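# A look at the structure
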Amino acid sequence: MIQRLERRLGRYAIVHLMNYIIGGYLIGYLVYVASMMTRMPLLNYLTLDPKLILSGQVWRLVSWILIPPLQNPFFEIIMMVFYWQLGTMLENTWGAFRFNLYMFGGMIFTVIGSFILFFIEYFATGIPLSLSGYFSTEYINLSIFLAFAVSYPDMQVLLYFLIPVKMKWMAIVYGLIVVYDFAVTGLPGKVAILASLLNFIVFYLMTRNYKSVSPYEAARKAKWKAQTKGFNTGKANNAGGNPFSGFSGSSRNVNISRHKCAICGRTDISNPELTFRFCSKCNGNYEYCNDHLFTHEHKA
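Everything numeric in this text was worked out from a predicted model, so none of it was measured.

So, how was this worked out
- Residues numbered from 1 in each chain as written.
- Predicted model: local features only at pLDDT ≥ 70, side-chain atom pairs only at ≥ 80, totals over all residues.
- Heavy atoms only, no water.
- Helix = DSSP H or I, 4+ residues; strand = E, 2+ residues; numbered from the N terminus.
- Contact = heavy atoms within 4.5 Å.
- 1 Å grid on protein atoms, 1.4 Å probe; cavity = no way out; pocket = protein on both sides within 12 Å on 5 of 7 lines; lining within 4 Å.
- Points joined across faces, edges and corners; volume = space filled by probe spheres on them.
- Nonpolar A, V, L, I, M, F, W, Y, C, P; charged D, E, K, R; others polar.
- Salt bridge = Lys/Arg side-chain N within 4 Å of Asp/Glu carboxyl O.
- Buried < 20%, exposed > 50% of the residue type's maximum accessible area, 1.4 Å probe, protein only.
- Core = buried A, V, L, I, M, F, W, Y, C linked by side-chain atoms within 4.5 Å.

## What to know about the overall build of the chain
Along the chain, the regular secondary structure elements total ten helices and four strands. For the chain, the N- to C-terminal ordering of α and β elements is α-α-α-α-α-α-α-β-β-α-α-α-β-β. For the chain, the share of sequence-separated contacts (at least 6 apart) that also reach a separation of at least 24 residues comes to 59%.

## A few points about empty space enclosed by the protein
Taken as a whole and judged by the stated rule, the model has one cavity of 30 Å³ or more. In this structure, the largest cavity encloses a volume near 30 Å³. Lining the largest cavity, in full, are I21, Y25, I65, M103, M107, T137, I140 and N141. Those elements that provide at least two residues to the lining of the largest cavity are α2 (17-38), α6 (96-125) and α7 (138-151). Here the residues of the lining of the largest cavity sort into six nonpolar, two polar and no charged.

## Looking at the pattern of salt bridges
Proximity of charged atoms lets side chains of opposite charge pair with each other. Within this structure, the stated rule accounts for three salt bridges. Among the salt bridges present, the one from K168 reaches D154, with a minimum N-O distance of 3.2 Å. Taken together, the residues span a long stretch of sequence, with K168 in helix α8 (residues 167-184) and D154 in the loop between α7 and β1 (156-159) at a distance of 14 residues. Here K168 falls in the partly exposed class, since its relative accessible area comes to 24%. What you see here is one network of salt bridges that share partners, running through D154, K166 and K168.

## Thoughts on the layout of surface pockets
Of the volumes computed, that of the largest pocket is approximately 1,300 Å³. Together, 41 residues line the largest pocket, and F75, M79, F82, Y83 and Y174 are the ones closest to its centre. Those elements giving two or more residues to the lining of the largest pocket turn out to be α5 (73-94), α7, β1 and α8. A total of eleven residues in the lining of the largest pocket trace back to one element, the largest contributor, which is α5.

## What to know about the nonpolar core
If you look at the biggest cluster of nonpolar residues, it comprises 48 residues, and the most contacted ones within it are M103 and F145. Only α2, α5, α6, α7, α8 and α9 (187-206) provide two or more residues apiece to this core. Top element by residues in this core is α7. It accounts for ten residues. Setting aside its immediate chain neighbours within four residues, F145 contacts F82, Y83, L86, M167, M170, A171 and Y174. Among the nonpolar cores identified, the runner-up in size contains nine residues, and L274, F276, C279 and Y288 belong to it.

Function cannot be inferred from these measures alone, as they are strictly geometric.
Next comes the structure, spelled out in C-alpha cells:
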C-alpha cells in the first residue's frame, strides 16, 4: 500500500522536512520571547484546542506544531540538533515520502486524538472543556528517536557527550519512561501519549517479519519438504561425482539463486521483482532484500 501511495504521491513529498520542523520551532521560540516581553500569552493562540477550533479558530489545527518544548534553552538547542540529525538520517534511509508519511501521520493522529478526547469529556460532563496544553510535539519527537533506534539499534551515541550508549538501550529506557507516564497520568495524558506515538506503533508493526510464522508459510514449508524428500541436494551419489544426479533431468536445467535474503529467505529466483543488497554495518556477508535492508537488526 505504501509503495502504491509513493508511486502516485511521491512527487509531492517535502524534501528535508526536518529543516521546516526545526524552523517552525524557531518561530515558536520567537513568539514565546515576544510573549515574555509583552507579558501577553501569545502561545495560547497556537495551542491545539478542539473547543476553540470548533468555534472558528481553525489555524490551531496546524499552529500547535510551532510550539517548541519550553525547558532549559541550552538543552533544547542540543535536543533540536539531535532530533534534526536523527530525522535527516531517517529521511535519507526511508526516502522523503515515507518520512513525510511517518511525521504527518503522527501529527494527524494527535489531532484526531484531541477531538476524541474532547467529545468523550463533553458527553461525560455535558460541558465543552478546553484542552489547551495537553497536546504537544513532545511525543512526536520521541517517535523520531524510537523509529531511528529500531532502524539502527546498534549505533552508538555519546550520552552527555561522554558515555557511549547503543540506541537500542536508550530506546528501552525511554520506552519504560513512557510506559510509566502512561500508567500514572489521567485520561487526557493517556490519549495524548497514545495518539502522538501511534505512528511509531503502526511503523513497528508494519516492519516486523510475520511471514515466517504465518500459517501459509508453515504450509508452504511442509509442502516443500514433502516434495523434496528423497532428493539428494548435497553430496554426489554417483561415480562421476555429479551433485545434481539425484534430480530428474539435466543439471543444466537446475536454477541456482545468486541472491538470498538473510531474514525472509526469498531469492532472486523465487521473487525476481526484489532488489538485494549487502549490509555494510553487519559483521559478515549478510545480504537482504529491499523489504528488510533498512529494518533488520545488524549482526554483531
